[in-house]
Amino acid sequence: MILHLTPEAAVGGPLGLVRSGDLIRLSVSGRRLDLRVDEAELDRRRAAAGAPIFVQPQRGYAKLYAEHVLQADQGCDFDFLRAGGA
């Protein structure tokens, strides 16, 4: 089992469009996850979902997360925890 979730899914990224039964290709050596759904179907899903709603948190962990968590290709970590600083 592989679990992958990043902030981009909440702001309209492709992970937010995944549905049960979709094929996803995983390449560990290539460090990639590819959603194997044609663009026409993804366009239909985007239209049905409408615009993503994002409310900027004002304080606490949610604010820290929203402002500092990196995307998947950068390791899904807090930017300030990376070696050598941010």
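Residues numbered from 1 in each chain as written. Predicted model: local features only at pLDDT ≥ 70, side-chain atom pairs only at ≥ 80, totals over all residues. Heavy atoms only, no water.

**Quick look at the environment of Pro52**
Position of Pro52 relative to the elements: it lies in the loop between helix H2 (39-49) and helix H3 (60-68). The spatial distance from the C-alpha of Pro52 to the C-alpha of Gly16 is 9.6 Å, given a sequence separation of 36 residues. With near-sequence residues (within four places) excluded, Pro52 lies in contact with Ala10, Val11 and Gly12. (Helix = DSSP H or I, 4+ residues; strand = E, 2+ residues; numbered from the N terminus. Contact = heavy atoms within 4.5 Å.)

**Concerning the side chain of Asp34**
Summarising the element assignment, Asp34 is placed in strand E2 (residues 32-35). The class of Asp34 is buried, set by a relative accessible area of 15%. The residues touching Asp34, leaving out its near neighbours within four places in the chain, are Leu23, Ile24 and Arg25. (Buried < 20%, exposed > 50% of the residue type's maximum accessible area, 1.4 Å probe, protein only.)

**Notes on the pairing of E2**
The two faces of a sheet get side chains in turn, since along a regular strand they alternate between them. Bridge count between strand E1 (residues 24-27) and E2: four bridges; the pairing is antiparallel. Pairing of Ile24 across the sheet is with Leu35, part of E2. Count of turn residues in the E1/E2 antiparallel hairpin: four residues, of which Arg31 carries a positive phi of about 55 degrees. (Pairing = 2+ DSSP bridges.)

**Section: H2**
Measuring from the backbone nitrogen of Ala40 back to the side-chain oxygen at the start of H2 gives 3.1 Å, which picks out Asp38 as the cap. Directly beyond the C-terminal end of H2, a positive phi value near 75 degrees is found at Gly50. (Polar contact = N/O pair within 3.5 Å; in protein donor to acceptor, adjacent residues only side chain to side chain.)

**Comments concerning the pattern of salt bridges**
Overall, the coordinates contain eight salt bridges when judged by the stated rule. Here Asp34 and Arg25 are joined by a salt bridge, their closest N and O atoms 3.6 Å apart. Connected through salt bridges with shared partners, the residues Asp22, Glu41, Arg44 and Arg45 form a single ionic network. (Salt bridge = Lys/Arg side-chain N within 4 Å of Asp/Glu carboxyl O.)

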